[in-house]
Amino acid sequence: MNNAVEVALFDKEGYQPLVIEPEIEYVSWRLNKVGQAAMFLPYTDPACTKKNLQLGNRILLRFGNGLPDFGGVIDEPRRRRVDGVSFVAYTGEKILEWRRTAETATFSSVYAGTIFQKILAVANGTADTGIRVGGVHAAGERLTQTYHLRRIFDIYGSLSRLSGQDFVVLPVFE
């Protein structure tokens, strides 16, 4: 079993990949919630720059031991230490915490999966989240919902509870 972890860092749009070798404190994945990974990069590493560790930059951890890939974004807390920078990356669901619906978004008698897709499409039409819809279950109870400037992540959590369906943002490296 290979315990190696490959860590790739990207800019906010997911471009300019750079392989880094941080010390990894921990990694967590959470169903219908935001997972996180805490890391440390020493100043002696040439990749330890403000530009590379900028909030919102994307990161991908690929595990050689069979664990699923961890992909997400760098966000607070990020702390300078005497020997380097400790930082936290959150799974892609974190991006959904940063985004809100339009002033009023109303859905009448549609499946939770349909609401999920339409809200993400509108968000991506405003400014690309980097998140694409994969498999969506379009069945179950039909819902009527109205949202007013709500965080997309909160809506997805509510839809998950109402429908009994889960959601996840999976990293894809192309």
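Residues numbered from 1 in each chain as written. Predicted model: local features only at pLDDT ≥ 70, side-chain atom pairs only at ≥ 80, totals over all residues. Heavy atoms only, no water.

Visitor: Honestly, the overall build of the protein chain in this entry has me stumped. Any pointers?
Guide: Scanning the protein chain from terminus to terminus reveals three helices and nine strands. In the protein chain, the succession of α and β elements from N to C terminus is β-β-β-β-β-β-β-α-β-α-β-α. With the principal axes as the frame, the protein chain shows a C-alpha extent of 55 × 40 × 25 Å. Counting all 174 residues of the protein chain, 44% fall into the buried class. Across the protein chain, the fraction of contacts at a sequence separation of at least 24, relative to all contacts at a separation of at least 6, is 63%. (Helix = DSSP H or I, 4+ residues; strand = E, 2+ residues; numbered from the N terminus. Buried < 20%, exposed > 50% of the residue type's maximum accessible area, 1.4 Å probe, protein only. Contact = heavy atoms within 4.5 Å.)

Visitor: Any chance you could explain the sheet that holds strand β2 (residues 18-20) here in plain terms?
Guide: Spatial strand order, β2-β1-β5-β6-β7-β4-β3: seven strands in an open sheet with antiparallel pairing. The sheet terminates laterally at β2 and β3 (23-28), the two strands that pair on one side only. The sheet shows a mean angle of 30° between the axes of neighbouring strands, taken without regard to direction. Examined bridge by bridge, strand β1 (residues 5-10) and strand β5 (residues 58-63) share six bridges and lie antiparallel to one another. Residue V5 lies in a different strand from β5, and its bridge partner there is F63. (Pairing = 2+ DSSP bridges. Axes fitted to C-alpha atoms, helices over the stretch in contact; angles between N-to-C directions.)

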